[in-house]
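Listed here are the chains, written in short residue letters.
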Amino acid sequence: MEGGRKAGRPEGGPETGRLLCCRLSATHFGQSRRRVAAAHAARFRPVAGPLLLGQTPYMNILVAGPHPDDQELAMGGTIALLARRGHRVTLLDITDGEPTPHGSPEIRAAEAAAAAAALGVARQAAGLRNREVLYSLAGRHQLAAIYRQLRPDILFLPYPQDAHPDHGQVTRIAEDARFDAKLTRSTIPGEPFYPPRLIYYFCTHLRMNFPASFCVDVSATMEVKMQALRCYDSQFFRGRPAAEQGAVLDYVRNLDAYFGGTIRRPFAEPFYVTEMLGLSGLEEIVL
Ligand SMILES: [Zn+2]
C-alpha cells in the first residue's frame with residue numbers, strides 16, 4: 001500500500017498527506033532523512049534569513065510616496081525585508097517634498113538617495129510639485145507611464161484617508177493610474193500593463209487607529225529601517241531643539257513595537273487591503 005496508509009483511511013487528510021510526502025521524498029528518491037530535512041529547512045527558511053532567487057517568485061515591487069521619507073517611515077522594515085529576499089523594490093517619490101524648514105531640494109534628494117542605499121533598493125522621482133498635487137488626467141497618465149515602465153507586481157500606496165492634501169491626492173491619482181495603465185489605444189507611453197496587486201501602507205502622521213488588514217514581521221530589519229530614517233537629517237534632527245531630535249524615530253519604533261505585539265513579535269508594520277489577499281500556502285503565517 002502506497003505510503004503505508006491503512007485500508008479505509010481517508011486520503012488527502014493532513015496526517016496522511018504529511019506521511020506520504022516524507023516517505024516519498026526520503027525513500028523514493030533515495031535521499032537520507034537528514035538531506036530531506038535540510039531541503040525542507042531551506043525551502044521554508046525564516047523570513048529573517050537571506051533567500052536565494054528561485055526559492056520564491058521574483059517580484060517587481062513599487063512603493064509610491066507623496067514625499068521622500070513617507071515610504072521609509074511607514075514600511076521601511078518591509079522594504080528592507082523584500083530587498084533582502086531578492087525582490088526588486090523601487091521607491092517612487094511623487095514630489096521632492098520641498099520646501100521644508102531645514103531642507104532644500106538638493107539636501108532632500110541626497111538624504112533620500114542615502115536612505116534607499118541603506119535599504120538596498122532603487123529610487124526614482126515622478127516630478128510632481130510638492131504642495132500643488134491635484135487630481136488630474138495628466139497626473140494619472142504620468143504615473144501610468146511609470147507603471148508601464150517598471151511593471152510592478154505589487155503596488156504600495158498611502159492609505160486613502162489622510163489629512164495631508166498631497167497624500168490624499170497622490171493616492172487617488174495613483175489608484176486611477178493603475179487602471180489607465182492597462183488601456184489599449186491610449187496616448188500613454190509604453191505597453192499596457194495592470195499592476196495586479198495593490199496594498200496600502202499607513203503614513204505615520206495619521207492621528208487615527210490604523211484599521212490594518214495584516215502586519216509584516218519586521219523584527220529582523222527594524223534597525224535597517226532606523227538607519228534609513230536617520231539619513232533624513234533635515235527632517236528629523238537638524239534645527240530641532242535637542243529634546244525633539246529623533247523624536248519621530250522614537251515614535252515610529254514605538255508604533256512598530258505596538259503592531260509587533262499584535263502578532264507576538266518585537267516589531268511589525270501594518271498594511272491595508274480592499275481587494276481580497278490570496279495565499280498560496282500557510283508557511284509564512286506568524287503563529
Ligand atoms: Zn508625506
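To be clear, the structure that these remarks concern was listed above.
Rules behind the numbers
- Residues numbered from 1 in each chain as written.
- Predicted model: local features only at pLDDT ≥ 70, side-chain atom pairs only at ≥ 80, totals over all residues.
- Helix = DSSP H or I, 4+ residues; strand = E, 2+ residues; numbered from the N terminus.
- Buried ≥ 20, exposed ≤ 12 C-beta atoms within 10 Å, placed from the backbone.
- Core = buried A, V, L, I, M, F, W, Y, C linked by C-beta atoms within 7 Å.
- Pairing = 2+ DSSP bridges.
- Axes fitted to C-alpha atoms, helices over the stretch in contact; angles between N-to-C directions.
- Contact = placed C-beta atoms within 7 Å.
- Parallel < 35°, antiparallel > 145°, perpendicular 65-115°, else oblique.
- Left-handed = near helix turned anticlockwise from the far one by under 90°.
- Nonpolar A, V, L, I, M, F, W, Y, C, P; charged D, E, K, R; others polar.
- Right-handed = clockwise from strand over helix to strand, strands pointing away.
- Expected span 1.5 Å × (residues − 1).
- Bend = angle between axes of the 7 residues up to and from the residue.

### Regarding the overall build of the chain
- Looking only at helices and strands, the chain features nine helices and seven strands.
- Looking at the chain as a whole, 35% of its 287 residues are labelled buried.

### Things to note about the nonpolar core
- With 58 residues, the main nonpolar core has V63, A64 and F156 as its most contacted residues.
- Sorting elements by how many residues they give to this core places helix 3 (residues 70-84) first, with seven residues.

### Brief notes about the sheet that holds strand 5 (residues 197-201)
- If you trace the seven strands from one edge of the open sheet to the other, you get 3-2-1-4-5-7-6, paired in mixed fashion. Each edge of the open sheet is held by one strand with a lone partner, namely strand 3 (122-125) and strand 6 (214-217). Here the strands of the sheet are splayed against their neighbours by 30° on average, with no regard to which way each runs.
- The pairing of strand 5 with strand 7 (residues 268-272) spans two bridges and is antiparallel. Bridge pairing in strand 7 links Y201 to F271.
- This element, helix 4 (residues 105-119), spans strand 2 (88-93) and strand 3 of the sheet and lies at about 150° to strand 3.
- Along the sheet face, helix 6 (residues 165-180) touches strand 1 (60-65), strand 4 (154-158) and strand 5 and points at about 155° away from the line of strand 4.

### Digging into the packing of helix 3 against helix 7 (residues 222-230)
- Two elements in contact, helix 3 and helix 7, have axes separated by 8 Å at closest approach and are oriented at 135°. The angle between helix 3 and helix 7 places the two elements in the oblique class. The chirality of how helix 3 crosses helix 7 is right-handed. Mapping the contact onto sequence places E72, L73, G76, G77 and A80 in helix 3 and M222, V224, K225, A228 and L229 in helix 7.
- Considering only residue class, the contact of helix 3 with helix 7 consists of six nonpolar, two polar and two charged.

### Quick word on the environment of Y135
- Looking at the element boundaries, Y135 is found in the loop between strand 3 and helix 5 (137-150).
- Residue Y135 is classed as partly exposed on the basis of its C-beta count, with 13 C-beta atoms lying within 10 Å.
- On a C-alpha basis, the gap between Y135 and V170 in space is 7.6 Å, while along the polypeptide they are 35 residues apart.
- Those residues in contact with Y135, other than ones at most four positions away along the chain, are Q169, R172 and I173.

### A word on the pairing of strand 2
- As judged from the six bridges shared by strand 1 and strand 2, these two strands associate in the parallel manner. The residue bridging A64 from the neighbouring strand is L92, located in strand 2.
- In the classification by handedness, the crossover that spans strand 1, the intervening helix 3 and the parallel strand 2 is right-handed.
- Strand direction decides the pairing type here: strand 2 and strand 3, joined by four bridges, are parallel. Within strand 3, the residue paired with L91 across the bridge is R123.
- In terms of handedness, the path from strand 2 via helix 4 over to strand 3 forms a crossover that is right-handed.

### Remarks on helix 3
- Here helix 3 is 15 residues long and its end C-alpha atoms lie 20 Å apart, about the 21 Å a rise of 1.5 Å per residue gives.
- G76 marks where helix 3 bends most, by close to 80°.
- Of the residues trailing helix 3, G86 is marked for its positive phi of about 95°.

### Remarks on the pairing of strand 7
- The buried fraction of strand 7 is high, at four of five residues.
- Note that strand 6 and strand 7 share four bridges and pair antiparallel. By the bridge assignment, V216 is partnered in strand 7 with E269.

### Observations concerning unusual backbone geometry
- Look at the link from E98 to P99: it is a cis peptide, with omega at 10°.
- Its place among the elements puts P99 in the loop between strand 2 and helix 4.
- Here the phi dihedral of R151 falls at roughly 50°; this positive angle occurs in a residue that is not glycine.
- Taking the C-beta count within 10 Å as the criterion, R151 has 15 such neighbours and is therefore assigned partly exposed.

### Digging into helix 6
- The terminal C-alpha atoms of helix 6 lie 22 Å apart, and with 16 residues this matches the ideal 22 Å at 1.5 Å per residue to within 8%.
- Considered for burial, the residues of helix 6 that qualify are D166, H167, Q169, V170, T171, I173, A174, A177, R178 and D180.
- Residues of helix 6 that are buried make contact with strand 1, helix 5, strand 4 and strand 5.

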